[in-house]
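Fold and geometry: a report
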Amino acid sequence: MSKLAIVLLSDMKDPVKVEMAMRYALVAKQENVLKDIRFYFFGPGVRVPGQVMGDQQALREVLDQLLDSGIATVACIYNARQAGEEENLRKAEIEAKAIGSELTRLIADGYQLLSF
């Protein structure tokens, strides 16, 4: 079975990409044909949880579904610190850690990376 890592590099300046990334992860999980699915907030994408907790109720619901789905969801701690988003990630209960080397290991382990 295949393995997938979705990397969200966009923030709410491109809301279509944000929504498509999260919804695609949920559809992929629902299809139940992949061995593993992981979701990463990386670069400007680390802003998304804080952005959707405000005025973006519809996307907040999608984020909540993603977090409740069982899909491993992680944000880059270095990008979060740089963007001042650590507190928003804590509020959203999203794990923040260094993910650059993790993404490299995932490729070596046969994961397909899909970025939005």
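Preceding this paragraph is the structure being described.
My aim in this report is to walk through the structure given alongside it, one point at a time. (Residues numbered from 1 in each chain as written. Predicted model: local features only at pLDDT ≥ 70, side-chain atom pairs only at ≥ 80, totals over all residues. Heavy atoms only, no water.)

**Focus: the pattern of salt bridges**
Applicable threshold: Any carboxyl oxygen of Asp or Glu within 4 Å of a side-chain nitrogen of Lys or Arg constitutes a salt bridge here. Counting from the N terminus, the helices are the DSSP runs of H or I reaching at least four residues and the strands are the DSSP runs of E reaching at least two. Accessible area is worked out with a 1.4 Å probe on protein chains only. A residue is then buried under 20% of its type maximum, exposed over 50%, and partly exposed in between.
Scanning the entire structure with this criterion turns up nine salt bridges. Two residues, R60 and D64, come together in a salt bridge whose shortest N-O distance is 2.9 Å. Remark: D64 and R60 occur in helix α3 (residues 57–68); sequence separation between them is four residues, near one turn of the helix. Classification of D64 by relative accessible area gives partly exposed; the value is 27%. When the shortest N-O distance is used, the salt bridge between R81 and E86 registers 3.5 Å. By relative accessible area, E86 is classed as partly exposed at 27%. Ionic contacts of the salt-bridge type, sharing partners, join the residues D36, R38, K97 and E102 into one network.

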